[in-house]
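Analysis of the macromolecular model
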Amino acid sequence: MRDIKLEDSWLRELRGEFDKEYMFNLREFLIGEMKMGKNILPEPKLWFNALNITPLDSVKVVIIGQDPYPTIGHPHGLSFSVLPDVKPLPKSLYNIFTEMRDDIGIDNFHTGYLEPWAKQGVLLLNSILTVEAGRTNSHKNIGWEIFTDRIIDILNSRLDGVIFMLWGLYAQRKGERLDSSRHLILKSPHPSPLSAFRGFFGSRQFSKANSYLIEQGKSPIEWRL
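To start, this report covers the structure provided alongside it. Predicted model, so just to flag it, every value in this text is computed and none were measured. (Residues numbered from 1 in each chain as written. Predicted model: local features only at pLDDT ≥ 70, side-chain atom pairs only at ≥ 80, totals over all residues. Heavy atoms only, no water.)

In terms of helices and strands, the protein carries eight helices and six strands. Of the regular secondary structure in the protein, the N- to C-terminal order runs α-α-β-α-β-α-α-β-β-α-β-α-β-α. What you see for the protein is a C-alpha radius of gyration of 17 Å, in line with the 17 Å of a compact globule of 225 residues. Principal axes of the C-alpha set define a box for the protein whose edges measure 45 × 40 × 25 Å. Within the span of the protein, comprising 225 residues, buried residues form 56% of the whole. Partitioning the intrachain contacts of the protein with sequence separation of at least 6 by distance along the chain shows that 67% fall at a separation of at least 24. Of the roughly 10400 Å² that the protein leaves accessible, carbon and sulfur atoms contribute 50%. (Helix = DSSP H or I, 4+ residues; strand = E, 2+ residues; numbered from the N terminus. Rg over C-alpha atoms; globule rule 2.2 N^0.38 Å. Buried < 20%, exposed > 50% of the residue type's maximum accessible area, 1.4 Å probe, protein only. Contact = heavy atoms within 4.5 Å. Areas by Shrake-Rupley, 256 points an atom, 1.4 Å probe, with all protein chains shown as cover.)

Moving on, we come to the packing of helix H2 (residues 21-35) against helix H6 (residues 144-158). In contact at an axis separation of 9 Å, H2 and H6 are set at 130° when each is read in the N-to-C sense. Put simply, H2 runs oblique to H6. Every residue of H6 that contacts H2 at Tyr22, Met23, Leu26 and Leu30 is listed here: Trp144, Ile146 and Phe147. Of the residues contributing to the contact of H2 with H6, the split by class is seven nonpolar, no polar and no charged. (Axes fitted to C-alpha atoms, helices over the stretch in contact; angles between N-to-C directions. Parallel < 35°, antiparallel > 145°, perpendicular 65-115°, else oblique. Nonpolar A, V, L, I, M, F, W, Y, C, P; charged D, E, K, R; others polar.)

Helix length check: H6, at 15 residues, gives a terminal C-alpha distance of 21 Å against a target of 21 Å (1.5 Å per residue), a fit within 8%. Among the residues making up H6, those that are buried are Trp144, Glu145, Phe147, Thr148, Ile151, Ile152, Ile154, Leu155 and Asn156. (Expected span 1.5 Å × (residues − 1).)

Core analysis: the largest hydrophobic core is formed by 67 residues, its most contacted members being Trp10 and Phe147. With six residues, H6 is the largest single contributor of residues to this core. In contact with Trp10, not counting residues within four places along its chain, are Leu51, Thr54, Pro55, Leu56, Val59, Leu123, Ile151, Ile154 and Leu155. (Core = buried A, V, L, I, M, F, W, Y, C linked by side-chain atoms within 4.5 Å.)

To continue, consider the environment of Glu7. Within the fold, Glu7 resides in the segment before helix H1 (8-14). When the C-alpha positions of Glu7 and Thr54 are compared, they lie 8.6 Å apart, and in sequence the two are 47 residues distant. Beyond its immediate chain neighbours, meaning those up to four positions away, Glu7 contacts Leu51, Asn52, Pro55 and Leu56.

Below, the discussion takes up the pairing of strand E6 (residues 184-188). Across a regular strand the side chains alternate sides, sitting on one face of the sheet and then on the other. Examined bridge by bridge, strand E5 (residues 163-167) and E6 share five bridges and lie parallel to one another. Bridging from a neighbouring strand, Phe164 pairs with Ile185 of E6. Regarding topology, helix H7 (residues 168-174) serves as the crossover connection from E5 to the parallel E6, and that connection is right-handed. (Pairing = 2+ DSSP bridges. Right-handed = clockwise from strand over helix to strand, strands pointing away.)

Before going further, it helps to examine the packing of aromatic side chains. Tallied over the full model, the rule gives 16 aromatic pairs. Within the aromatic cluster, the residues linked to one another by ring pairs are Phe80, Tyr94, Phe97, Phe109, Trp117, Trp167, Phe197, Phe200, Phe201, Phe206 and Trp223. (Phe/Tyr/Trp six-rings, centres within 6.5 Å; stacked < 30°, edge-to-face > 60°.)

Two side chains of opposite charge can pair, provided their charged atoms sit close to one another. Counted under the stated rule, the structure contains twelve salt bridges. Salt-bridge contacts for Lys174 lead to Asp149; the nearest nitrogen and oxygen are separated by 2.8 Å. Linking Lys174 in helix H7 with Asp149 in helix H6, this pair joins segments that are 25 residues apart in sequence. (Salt bridge = Lys/Arg side-chain N within 4 Å of Asp/Glu carboxyl O.)

Glancing now at the pairing of strand E3 (residues 122-126). Across the five residues of E3, five count as buried, placing the element largely inside the fold. Residues Val122, Leu124 and Asn126 line one face of E3 and the alternating positions Leu123 and Leu125 line the opposite face, and both faces are buried. As paired strands, strand E2 (residues 61-65) and E3 are joined by five bridges and run parallel to one another. Bridge assignment links Val62 to a residue of E3, and that residue is Leu123.

So, in structure tokens, the structure goes:
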């Protein structure tokens, strides 16, 4: 992974991670999988896309996902986002847009490409940064969780007033290390069709996030895509 580009502000904080044993083992695992002809998603240049698009000092909101979509042509390194022109939208993303429409009146159903959010300071971070095509959660416990825990620790300690949207128990466990006296922690069920009706719908997290940003004197997120 030494030849993969990482945005400067993140590299300063994370450089030491790449010399640790877990990262060496992770690198060897991924190289081995690719040598066996397995299709690893997204492509390597996009593994750190969330960090490269959203520098550390620009982070206003963090949305934590689990792992990339396992469908070829869908993931590009941002949680919940798909590449332009992907249709139909993944069901969880469709439900996110449904809540957004009901909360702030914005209709984004025409695209699932969330990079405009990332460029405004919405860190779209998956806990696991790769997946084998067709096999959801196939790269669980190979080391990515350690790396992304470190990212969350950096956000928690270096910044103030970050909004963390923790959707579902997985993200909420990931966020247990956060200091709620320094940041706004917004929890809800996951937007999956299995759980969205249990409290994700009606959670109004997008309006709450922008109200909090305005209270801090920061510019709100333009959620319209």
